[in-house]
Amino acid sequence: MANPKRRFSKARTAKRRANWKLTAPNLVECPQCHEKKMPHRICPNCGYYNHRQVLKVEAE
């Protein structure tokens, strides 16, 4: 069984983990109501997807 000869330094570990960052979700504009929504999803505001109404959303 292979074992490391010495422990990795904190700098080496930190360099490897430097790219563990979160990215903001990619949002696009709905063509119907112009609200921001996730791509390839039904718009939660108006219920449209691909220029067709898929869900009936109650008006507030």
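About the criteria used
Residues numbered from 1 in each chain as written. Predicted model: local features only at pLDDT ≥ 70, side-chain atom pairs only at ≥ 80, totals over all residues. Heavy atoms only, no water. Patch = residues over 30% accessible without salt bridge, like charges linked within 9 Å, V, L, I, M, F, W, Y side chains within 5 Å. Areas by Shrake-Rupley, 256 points an atom, 1.4 Å probe, with all protein chains shown as cover. Salt bridge = Lys/Arg side-chain N within 4 Å of Asp/Glu carboxyl O. Helix = DSSP H or I, 4+ residues; strand = E, 2+ residues; numbered from the N terminus. Buried < 20%, exposed > 50% of the residue type's maximum accessible area, 1.4 Å probe, protein only.

A. Up close: a nonpolar patch on the surface. Residues Ile 42, Tyr 49, Val 54, Leu 55 and Val 57 make up a contiguous nonpolar surface patch of roughly 390 Å² in combined accessible area. Structurally, Tyr 49 is set in strand 3 (residues 48–49). The exposure class of Tyr 49 is partly exposed, given its relative accessible area of 33%.

B. Quick look at the environment of Asn 3. Examined against the element boundaries, Asn 3 turns out to sit in the segment before helix 1 (10–16). Distance in space between the C-alpha atoms of Asn 3 and Thr 23 is 35 Å, their sequence separation being 20 residues.

C. Unusual backbone geometry, seen in detail. For His 40, which is not a glycine, the phi torsion comes out positive at approximately 60 degrees. Position of His 40 relative to the elements: it lies in the loop between strand 2 (36–37) and strand 3. The backbone of Asn 50 sits at a positive phi, close to 55 degrees, despite the residue not being glycine. Secondary-structure assignment places Asn 50 in the loop between strand 3 and strand 4 (52–53).

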